[in-house]
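What the coordinates show
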Amino acid sequence: MLSIQHLTVRYPGAERDTLSDVCLELPEGELALVVGRTGSGKSTLLGSVNNLVPRFTAGRRVGRILLDGADVTLASPRELADRVGRVGQDPLAGFVTDTVEEELAYGMEQLGVAPERMRVRVEETLDLLGIAHLRSRALTTLSGGEQQRVAIGSVLTLQPRLLVLDEPTSALDPVAAEEVVALLRRLVHDLGTTVLVAEHRVERVVEACDRVVAVLPDGRVRDGAPADLLPEAGSVPPVLELGRRLGWAPVPLHVRDARRRAAGLRSRLGPPPADPPLPAPVADQGLDARGVLVRHGRQVAVAGVDLAVPRGQVCALVGRNGSGKSSLLWALHGAGPRQAGTVRVDGRPGRGQVALVPQTPADLLYLETVAEECADADEQAGLPAGSTLAALAELVPDVDPGQHPRDLSEGQKLALVLALQLAGSPPVVLLDEPTRGLDAAAKATLTRQVAELARRGHVVVLASHDVEFVARTCSRVVVLADGEVVGDGPVRDVLADSPLLATQVARVMSPLRYLTVAELLTAAGSPS
Amino acid sequence: MPGTLRDRWSLARVPRSLHPAAWWGWSLGTAAAASQTTNPLLLVLLVAVVVAVVSLRRGDGPWASSFRLYLLLAVFLVVVRVLYRVLLGGGEGGAVLLPLPELPALWPGGLRLLGDVTSDAVLQGLQDGLRLGAVVVCVGAANALANPKRLLAAVPGALYEVGAVLVVAVTVFAQLADSVLRVRRARLLRATPAGRGVRHRHRVVRAVVVPVLTDALDRSLQLAASMDARGYGRQAGTSRGRRLVTGTLLVTSVVLLGYGAFAVLSAALPTWRWYPAEAAWAQLDPGLLVLLAGLAAAALGFRSAGRAVVRTRHRPDRMRAAEWTTLLSGLACFAVVQLVARGPEAGVLLPGVRAWPSLTPALVLAPVLALLPALLTPPPALTGAQLPRAAAGGLS
């Protein structure tokens, strides 16, 4: 189906090849998962398949790309439109029209497909995606999962044999992500489509994939069975990690396999040791928000939420896309709208004592170098010169102060903005979807950073879709739905019992309420 | 074709959006009719009719909610017009409503300020303002009823590229506004120092402009990549001969149109007459012929260019019975007003301010004709854009 031969890519001004001598054969009807650290060249590999790299990115590319035996190395992306379908990370950024039907038809209009066939194919695609009821809806009113399905549908109407997806679930909540993965699985099984998908949250896709393509830090690419390759690429889903640590062979990839293997473990182990109880909120200490109401026009985003978080606690906000997590964070900070309610920090009005790292941290960066940004923050907070830069070096030691902020990796950008926001040493730190675009290593770093903040007595509240990260990082979880708090409690109580929010380990060990690999290994007495 | 009249009527009532050109034709017709008169009765009737049609036939897209702005603009125009009369005019006669001192002109024949506010001045201001406001409401109706993107998409094949550029520009502009809001909001997160002066302002502007422009460039590239990967512009190859023919035709048409317009407006060419030379209809401005020739050349050029674009449309907008009804009702409204203006009762259209304005049966017919689309066209197909606010009603 797809054959990549000796592909080497180097971007202008780069010191080394982003991809070097890549050879890859992808047979028909396979779902291949592309993994690798941030900036390792996953997107470059995906873009090379339909020649968006180097046509849209500049750079030097050597090698050959063959589709079904035909050499398409020099073809333009538009010539490949009916052979390779490409879906990006942010569906809204790729939409050309307004409504679902028009978007599905757009590609066919460009190719001059006859109107009668176009109508039939649009109908078929609507059914295939299960979005027939949304056909005339405006694209901006759809949920994230629906938008991503429309984006996939808009390339499916051209009936490509190969589908290339760049992090299709990274912005989605767990339920919406499952919808998209289920759709991909259906395409592979029922239509024989070949799918090449890059994803950081490996645990979401690994159950559906046939093989893993690992992009290694030196630009080489290896492909093979998931169990062999994932550890090498540094992204191991919890189930796989568990199997490897406990010496299960073959190593399970699916929760179902792991559950069967863990039957003995479940009967042998008792329930996990009780967590220390959550500290009761102390009056006039930490964050205390009461009756927070946020409305956007007629729509109520946050409906009178009370939230008290004592100092030193890490609290997670979870809930589906659009459930009011971001609105609540912005209202707590004071920069966003708040129609009613009070926010107090240590008994005083909260303004100026709360730091917020927004979903797109880059919005805050505007100077040319990291050092300038840090100096700016020092000046504004009235700190001695160099203190923010020192704080940044503590968070991530390998940042060059002379670098342009836009050239940093996602994890480094996040750390930079965090350091800037912490310059005034505010007691409350709010993080909105901090794990977006982070690879496993960066997430582990973030977990350590958050723990350090809590140890120093900060209040940390973070909104996240990433339940594995929440389980490792937070001690308390608040579940939001339609702007109301529907669940609030210790992380184990909330996550372990929920069918959708449970971590992989919780699913494997249910009804024993273990959440993470580390605590399970400790309980099992295995060296970790 | 379905058999009975009833079947056909039911079929015609299936909700769908009309061709945008039909709504534009209708609204320009009513606007032209409104511009012909200062009769407040007729103007109020026209505005009421237009508001009725808009509230019954507009969809729920973002453009539909813009109608309220046009109404506010119209009210604003009326108010400004009256204030303007009070401030600058006054004293033309009629009852004195509010005695005000008059500021002497600074130079002979210069502006006179204030002075007694008379009923004539206020009423004239009202009439003028109403006319202007009615025209604005009529044009605003087209903006609320017709999806601007579909109007752009309905351009002839030859203008497809231009249409696509405009569609993308509209999309990106909306996104740009979005990202300005987002970045400005993000600015609030970083404590802004209490400094002032050029350097400070420079820094604040830069803090917004740099991220917004970076964002806009990123988005444009992503959109371009997405369009390209989905086959945009794939069929755009044309032969050299075809390009030459198209180019020649289009340049010729531009020259002819330019010269024709000049000739018509300046009456530079001698008028042609033919038998019977004394009849008014036998007079012909040759500039008009040049204009027509230019239009013909343009049509041929577009056709030639359009033939190279092999592109199909999903659910193309077609001019069907409802579309023609809409278009013709707008034009008929204008025609009736025009006929009255040419006829013996023309004075009704421009009543003085001393007498109560009156209407003739023919003038009542004009707004009634404009109301037809509200009854004879199918209701709009909804896109669910406003679903979360389904409770909203009325003109919002």
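Owing to the predicted nature of the structure, the values given are computational and were not obtained by experimental measurement.

Section: the sheet that holds strand β14 (residues 340-345) of chain A
All names here are of chain A.
- Overall, antiparallel pairing links the four strands, which are arranged β12-β11-β14-β15 in an open sheet. The open sheet terminates on both sides in strands that have one partner only, identified here as β12 (299-309) and β15 (348-349).
- Alignment of strand β11 (residues 287-296) against β14, held across five bridges, turns out to be antiparallel. Counted as the bridge partner of Ala289 is Val343 from β14.

Digging into the environment of Val155 of chain A
- Of note, Val155 of chain A is situated in helix α6 (residues 144-156).
- The class for Val155 of chain A is buried, based on a relative accessible area of 3%.
- The spatial distance from the C-alpha of Val155 of chain A to the C-alpha of Glu103 of chain A is 9.4 Å, given a sequence separation of 52 residues.
- Sequence-distant contacts of Val155 of chain A, that is, excluding residues within four places in its chain, are made with Gly85, Arg86, Val87, Pro160 and Leu163 of chain A together with Arg230 of chain B.

Focus on the side chain of Asp166 of chain A
All names here are of chain A.
- Mapping Asp166 onto the fold places it in strand β7 (residues 162-166).
- Although Asp166 is buried, it forms no salt bridge, and the closest oppositely charged side chain is Arg86 at an N-O distance of 4.1 Å.
- Polar side-chain contacts of Asp166 include one of 2.9 Å to the side chain of Ser43.
- Residues contacting Asp166, with those up to four places away along its chain left out, are Ser43, Leu46, Arg86, Val87, Gly88, Gln89 and Ala198.

Some words on the interface of chain B and chain A
- Listed as interface residues are 55 residues of chain B and, on the opposing side, 66 residues of chain A.
- Summed over the shared surface of chain B and chain A, the result is two salt bridges.
- Asp228 of chain B is the partner of Arg78 of chain A in a salt bridge, and the nearest nitrogen-oxygen pair spans 3.2 Å.
- The interface formed by chain B and chain A holds six residue pairs in polar contact (both at pLDDT 80 or more) in total.
- For the side of chain B that touches chain A, the secondary-structure elements that each account for two or more residues are α6 (148-153), α7 (160-189) and α8 (198-229) of chain B.

Some words on empty space enclosed by the protein
Residues and elements named next belong to chain A.
- Going through the model one piece at a time under the given rule, you end up with two cavities of 30 Å³ or more.
- Quantified by volume, the second largest cavity comes out at close to 40 Å³.
- Along the walls of the second largest cavity sit Glu167, Ser170, Glu199, His200, Arg201, Thr435, Gly437, Leu438 and Lys443, which together make up its complete lining.
- A breakdown of the residues in the lining of the second largest cavity according to their chemical character gives one nonpolar, four polar and four charged.
- When residues are assigned to domains, the lining of the second largest cavity turns out to be shared by domain 1 (2-235) and domain 2 (287-506), each giving three or more.

As for the environment of Asp98 of chain A
- Along the chain, Asp98 of chain A turns up in the loop between α3 (91-94) and α4 (100-111).
- When the C-alpha atoms of Asp98 of chain A and Ala138 of chain A are compared, they prove to be 5.6 Å apart, with 40 residues separating the residues in sequence.
- Setting aside residues up to four positions removed in sequence, Asp98 of chain A forms contacts with Arg137, Ala138 and Leu139 of chain A together with Asn147 and Lys149 of chain B.

Thoughts on the pairing of strand β9 (residues 211-215) of chain A
All names here are of chain A.
- Summarising burial for β9: five of the five residues are buried, a large majority.
- Of the two faces of β9, the one holding Arg211, Val213 and Val215 and the one holding Val212 and Ala214 are both buried throughout.
- Judged from the four bridges that link them, strand β3 (residues 31-35) and β9 form a sheet pairing that is parallel. Within β9, the residue paired with Val35 across the bridge is Ala214.

A closer look at the domain arrangement of chain A
Residue and element names in this part refer to chain A.
- For chain A, the assigned domains are domain 1 (2-235) and domain 2 (287-506).
- Once you take the C-alpha centre of each, domain 1 and domain 2 turn out to be 31 Å apart.
- Across the boundary between the two partners, domain 1 contributes 16 residues, which contact 17 residues of domain 2.
- Carbon and sulfur atoms make up 49% of the area that domain 1 and domain 2 hide from each other, which totals about 1400 Å².

Brief notes about the state of the cysteines
- Inspection of every chain in the model, using the stated rule, returns zero disulfides over all chains.
- The closest cysteine sulfur to the non-disulfide-bonded Cys474 of chain A is located on Cys315 of chain A, 7.3 Å from its own sulfur.
- You can call Cys474 of chain A buried: its relative accessible area is 7%.
- Cys138 of chain B takes part in no disulfide bond, and the closest cysteine sulfur, belonging to Cys333 of chain B, lies 7.9 Å away.

Some thoughts on the packing of aromatic side chains
- Under the counting rule described, the total for this entry stands at one aromatic pair over all chains.
- Considering the side-chain rings of Trp23 of chain B and Trp26 of chain B, the 5.6 Å spacing of their centres and the 80° angle between planes classify their relative orientation as edge-to-face. With a gap of three residues between them, Trp23 of chain B and Trp26 of chain B both fall in helix α2 (residues 20-35), about one helical turn apart. The same class applies to Trp23 of chain B as to Trp26 of chain B, namely buried.
- Lying across the ring of Trp330 of chain A, Arg185 of chain B places its NZ or CZ 3.8 Å from the centre.

A few points about helix α11 (residues 321-342) of chain B
Residues and elements named next belong to chain B.
- Spanning 22 residues, α11 covers 30 Å between terminal C-alpha atoms, matching the ideal 32 Å at 1.5 Å per step.
- Every buried residue of α11 is accounted for by Ala322, Glu323, Thr326, Leu327, Ser329, Gly330, Cys333, Val336, Val337 and Val340.
- Buried residues belonging to α11 abut α2, α3 (40-57) and α12 (361-376).

Things to note about the sheet that holds strand β6 (residues 84-87) of chain A
Residues and elements named next belong to chain A.
- Read across the open sheet, the six strands follow the order β6-β7-β8-β3-β9-β10; overall the sheet is mixed. At either end of the open sheet lies a strand with only one pairing partner, and these are β6 and β10 (221-224). Each neighbouring strand pair of the sheet contributes to a mean axis angle of 15°, computed without reference to strand direction.
- Of the pairings in the sheet, the one linking β7 to strand β8 (residues 194-198) comprises five bridges and is parallel in character. The residue bridging Leu162 from the neighbouring strand is Thr194, located in β8.
- Sheet strands touched by helix α1 (residues 42-49): β3, β6, β7, β8 and β9. Its angle to β7, the strand with the most contacts, is close to 150°.

Some remarks on the packing of helix α10 (residues 238-245) of chain A against helix α21 (residues 517-524) of chain A
Residues and elements named next belong to chain A.
- It is at 10 Å that the axes of α10 and α21 come closest, and there the two elements cross at 25°. Comparing the axis directions of α10 and α21 gives the class roughly parallel. With respect to the hand of their crossing, α10 and α21 are arranged in right-handed fashion. In this structure, α10 contributes Pro238, Glu241, Leu242 and Arg245 to the contact, and α21 contributes Val517, Leu520 and Leu521.

Considering the pattern of salt bridges
- Inspection of the entire model under this criterion finds 30 salt bridges over all chains.
- Close ionic contact of Arg476 of chain A with Asp488 of chain A constitutes a salt bridge, the shortest N to O distance being 3.0 Å. With Arg476 of chain A in strand β19 (residues 476-481) and Asp488 of chain A in strand β20 (residues 484-490), this pair connects stretches of sequence that are twelve residues apart.
- Classification of Arg476 of chain A as buried rests on a relative accessible area of 9%.
- For Asp488 of chain A, a relative accessible area of 45% puts it in the partly exposed group.
- In this structure, the salt-bridge partner of Arg85 of chain B is Asp128 of chain B, at a minimum N-O distance of 3.1 Å.

So, unusual backbone geometry
All names here are of chain A.
- The residue after Ala249, namely Pro250, is reached through a cis peptide bond having omega -5°.
- Looking at the secondary structure, you find Pro250 in the loop between α10 and α11 (255-261).
- Cis geometry marks the peptide bond from Ser510 to Pro511; its omega dihedral reads 10°.
- Secondary-structure assignment places Pro511 in the loop between α20 (504-509) and α21.

So, the pairing of strand β13 (residues 314-318) of chain A
Residues and elements named next belong to chain A.
- β13 sits mainly inside the fold: five of its five residues count as buried.
- Burial along β13 is two-sided: the face carrying Val314, Ala316 and Val318 and the face carrying Cys315 and Leu317 are both buried.
- Bridging between β13 and strand β18 (residues 459-463) involves four bridges; their strand directions are parallel. Note that in β18 the partner of Ala316 across the bridge is Leu462.
- Pairing analysis gives four bridges linking β13 to β19, with the strands arranged parallel. Each bridged residue has a counterpart across the sheet, and for Leu317 the counterpart in β19 is Val478.

Analysis parameters
The numbering scheme is per chain: residues are counted from 1 as the chain's sequence reads. Chain letters start at A and ligand numbers start at 1, both assigned in the order the entries are written. With pLDDT at 70 or above as the cut-off, local features in this predicted model cover only qualifying residues; side-chain atom pairs require 80 or more to be listed or tallied, and sums for whole chains, interfaces and linings still use all residues. Processing note: side-chain calculations cover all non-hydrogen atoms of the structure and skip hydrogens and water entirely. Two strands qualify as a pair provided that DSSP identifies no fewer than 2 bridges between them. Only DSSP runs of H or I with at least four residues qualify as helices, and only runs of E with at least two residues qualify as strands; both kinds are numbered from the N terminus onward. The buried label applies to any residue whose accessible area, calculated with a 1.4 Å probe on protein chains only, is under 20% of its type's maximum; exposed applies above 50%, and partly exposed to all values in between. Any pair of residues with heavy atoms lying within 4.5 Å of one another is described as a contacting pair. In this tally Asp and Glu are treated as negative and Lys and Arg as positive; neither His nor the chain ends contributes. A side-chain nitrogen of Lys or Arg and a carboxyl oxygen of Asp or Glu constitute a salt bridge if their distance falls within 4 Å. Any pair of nitrogen or oxygen atoms within 3.5 Å is treated as a polar contact; in protein, a donor-acceptor pairing is required on top of that, and neighbouring residues in sequence qualify only through side-chain atoms on both sides. Cavities and pockets were defined on a 1 Å grid built from protein atoms only: a cavity is a group of points that admits a 1.4 Å probe but offers it no way out, a pocket is an open group of points flanked by protein on both sides within 12 Å along at least five of seven lines, and a lining residue is one with an atom within 4 Å of any such point. Grid points are joined across faces, edges and corners, and a volume is the space filled by probe spheres set on the points. We call Asp, Glu, Lys and Arg charged. Ala, Val, Leu, Ile, Met, Phe, Trp, Tyr, Cys and Pro are nonpolar, and the rest, Gly among them, are polar. For every domain, the bounds stem from an assignment made automatically or drawn from a database. By buried area we mean the combined loss of accessible area, with a 1.4 Å probe, across both parts when two parts are placed together. In this description, a disulfide is simply a cysteine sulfur pair whose atoms lie within 2.5 Å. In this analysis, rings of Phe, Tyr and Trp, with Trp reduced to its six-membered ring, are considered paired at centre separations within 6.5 Å, and the interplanar angle assigns stacked below 30 degrees, edge-to-face beyond 60, and tilted for intermediate values. In this scheme, Lys NZ or Arg CZ marks a charge over a ring once it lies within 6 Å of the ring centre and within 35 degrees of the ring normal. For a helix, the expected span equals 1.5 Å multiplied by the number of residues minus one. The axes are straight lines fitted to the C-alpha atoms, using for helices just the contacting stretch, and the angles between their N-to-C directions are given from 0 to 180°. Should an angle fall under 35 degrees it is called roughly parallel, over 145 degrees roughly antiparallel, and 65 to 115 degrees roughly perpendicular, with every other angle called oblique. When the near helix sits turned anticlockwise from the far one by under a right angle, the crossing is termed left-handed; a clockwise turn instead gives a right-handed crossing.

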